[in-house]
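A closer look at the structure
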Amino acid sequence: MNKKELALEVIERLKNEYPDADCTLEYDQAWKLLVSVRLAAQCTDARVNVVVKGLFEKYPTVEALAAADVADIEEIVRPCGLGKSKARDISKCMKVLRDEYNGKIPTDFKSILSLPGVGRKSANLIMGDVFGKPAIVTDTHCIRLVNRIGLVDGIKDPKKVEMALWEIVPPEEGSDFCHRLVWHGRDVCTARTKPHCERCCLNDICHQII
Ligand code: SF4
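**Regarding the packing of helix α2 (residues 30-39) against helix α3 (residues 45-58)**
- At a minimum axis distance of 10 Å, the contact between α2 and α3 shows a crossing angle of 130°. Judged by the angle between their axes, α2 and α3 are oblique. As for the relative orientation of α2 and α3, their crossing is right-handed in sense. For the pair α2 and α3, contact is made by Trp31, Lys32, Val35, Ser36 and Leu39 and by Val48, Val52, Leu55 and Phe56, respectively.
- Class assignment for the residues of the contact of α2 with α3 results in 7 nonpolar, 1 polar and 1 charged.

**Brief notes about α3**
- Helix length check: α3 (14 residues) gives 20 Å between terminal C-alpha atoms against 20 Å at 1.5 Å per residue, within 8%.
- Its maximal kink placed at Val52, α3 deviates by approximately 25°.
- When we look at burial in α3, the residues that qualify are Asp45, Val48, Asn49, Val51, Val52, Leu55 and Phe56.
- Close packing links the buried residues of α3 with α2, α4 (62-67), α5 (70-77) and α11 (174-187).

Scoring rules and cut-offs
- Every residue gets a number counted from 1 within its own chain, in the order that chain's sequence is written.
- With pLDDT at 70 or above as the cut-off, local features in this predicted model cover only qualifying residues; side-chain atom pairs require 80 or more to be listed or tallied, and sums for whole chains, interfaces and linings still use all residues.
- Values reported for side chains reflect all heavy atoms of the structure, with hydrogen atoms and water molecules removed beforehand.
- With axes taken as lines fitted to C-alpha atoms, and helix axes fitted only over the stretch in contact, angles between N-to-C directions fall between 0 and 180 degrees.
- In DSSP terms, a helix is any run of H or I states spanning at least four residues, a strand is any run of E spanning at least two, and both are numbered starting from the N terminus.
- Each angle gets one of four labels, with under 35 degrees taken as roughly parallel, over 145 as roughly antiparallel, 65 to 115 as roughly perpendicular, and the rest as oblique.
- For a crossing to be left-handed, the near helix must be turned anticlockwise from the far one by less than a right angle; the clockwise case is right-handed.
- Contact between two residues is taken to exist if any of their heavy atoms lie within 4.5 Å; hydrogens are not considered.
- For this scheme, ten residues count as nonpolar: Ala, Val, Leu, Ile, Met, Phe, Trp, Tyr, Cys and Pro. Four count as charged, namely Asp, Glu, Lys and Arg, and the remainder, Gly too, count as polar.
- Here the expected length of a helix is defined as 1.5 Å per residue gap, with one fewer gap than residues.
- Fitting one axis to the seven residues ending at a residue and another to the seven starting there, the bend at that residue is the angle between the two axes.
- Burial here depends on accessible area, computed with a 1.4 Å probe over protein chains only, as a share of the maximum for the residue type. Under 20% is buried, over 50% is exposed, and the range in between is partly exposed.

Following this line, the structure appears as structure tokens:
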């Protein structure tokens, strides 16, 4: 089985395993996902979902958050860690949305990527989840799993993993596939404990059964 064939097989099996897998960050407006994804760096999605409730209660619009005192944002988001830099990025990003995009998120990848504090992972997440466009989100679970499964060979750099996956994953499958990798990485192919290969739906095709 070559890498493209392996990718298609893995995609189908994970679809059966996690038919409804989606983003575990909760949001009802696109700009809120942008804030949450910045807060999610080195923090769990569960904690972010709790912290943003307080943030969005106090600052319910892009304009309100753009006008907020950075120190107050920092105070609220501190439980997510890296409070200073996250608060600074969120404040700058909201100001750009307010001043340059009429309070909306731009729809093209390059413009999203140019927003303060937004990297490729976040920009891809927005493209896939908000705009329903092709996206490959290379978070820590994705990188660990695609290496173990054998879809890439010893690549750890997120951008390189993303580029390698674009070559073998059908574009329309990318976003959901990456969400499913996160679910599988949490439940079965775990990072901190020995992965549960004995109950893994990929254990006859995975290159690294442990
Ligand atoms: S077989 Fe094991 S190493 Fe491979 S994906 Fe499944 S849990 Fe991970």
